[in-house]
Amino acid sequence: MAFKKYSSIFTPVDLEIIQNVFDQLCSERRLALKDREQREQLANEVIQAFENRISDEVALRRLFSKRRRAMAE
């Protein structure tokens with residue numbers, strides 16, 4: 001799965017937020033580097049949410065953490 005093009009231009013602060021959330025979620029979900037497809041999907045979802053104005057790091061993390069809990073139940 002290749003990354004799609006995004007319409008936004010991200011600032012260094014934006015990229016730091018996105019990267020921090022991605023890293024935390026990968027750790028929480030235990031996604032290793034070998035889990036490329038799952039990591040790309042997660043990255044796409046985080047970026048898309050950020051583009052949809054969820055730009056707070058805590059809110060982004062909660063959004064996907066809740067999704068994970070709901071999927072596990």
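Since we're looking at a predicted model, the values are computed, not measured. (Residues numbered from 1 in each chain as written. Predicted model: local features only at pLDDT ≥ 70, side-chain atom pairs only at ≥ 80, totals over all residues. Heavy atoms only, no water.)

> I'm lost on the packing of helix α1 (residues 12-29) against helix α2 (residues 36-51) in this one. Help?
Each packed pair of helices is defined by two parameters, the angle between the axes and the distance between the axes. Their axes nearest at 10 Å, the elements α1 and α2 cross at an angle of 140°. With respect to their mutual orientation, α1 and α2 come out oblique. In this structure, the crossing between α1 and α2 has a hand that is right-handed. Of the residues in α2, those in contact with Asp14, Ile17, Ile18, Val21, Phe22, Leu25, Cys26 and Arg29 of α1 are Arg39, Leu42, Ala43, Val46, Ile47 and Phe50. (Axes fitted to C-alpha atoms, helices over the stretch in contact; angles between N-to-C directions. Helix = DSSP H or I, 4+ residues; strand = E, 2+ residues; numbered from the N terminus. Parallel < 35°, antiparallel > 145°, perpendicular 65-115°, else oblique. Left-handed = near helix turned anticlockwise from the far one by under 90°. Contact = heavy atoms within 4.5 Å.)

> Looking at this structure, how should I read the pattern of salt bridges?
Note that side chains of opposite charge can pair when their charged atoms are close. Enumeration according to the criterion identifies two salt bridges in this entry. Among the salt bridges present, the one from arginine 36 reaches glutamate 40, with a minimum N-O distance of 2.9 Å. In this pair, arginine 36 and glutamate 40 are both assigned in helix α2, four residues apart and thus about one turn of the helix distant. The partner of glutamate 57 in a salt bridge is arginine 61, and the shortest N-O contact between them spans 3.9 Å. Placement of both glutamate 57 and arginine 61 in helix α3 (residues 57-72) is noted, with a separation of four residues, approximately one turn of the helix. Taking relative accessible area as the criterion, glutamate 57 reaches 22% and is therefore assigned partly exposed. Using a relative accessible area of 26% as the deciding quantity, one classes arginine 61 as partly exposed. (Salt bridge = Lys/Arg side-chain N within 4 Å of Asp/Glu carboxyl O. Buried < 20%, exposed > 50% of the residue type's maximum accessible area, 1.4 Å probe, protein only.)

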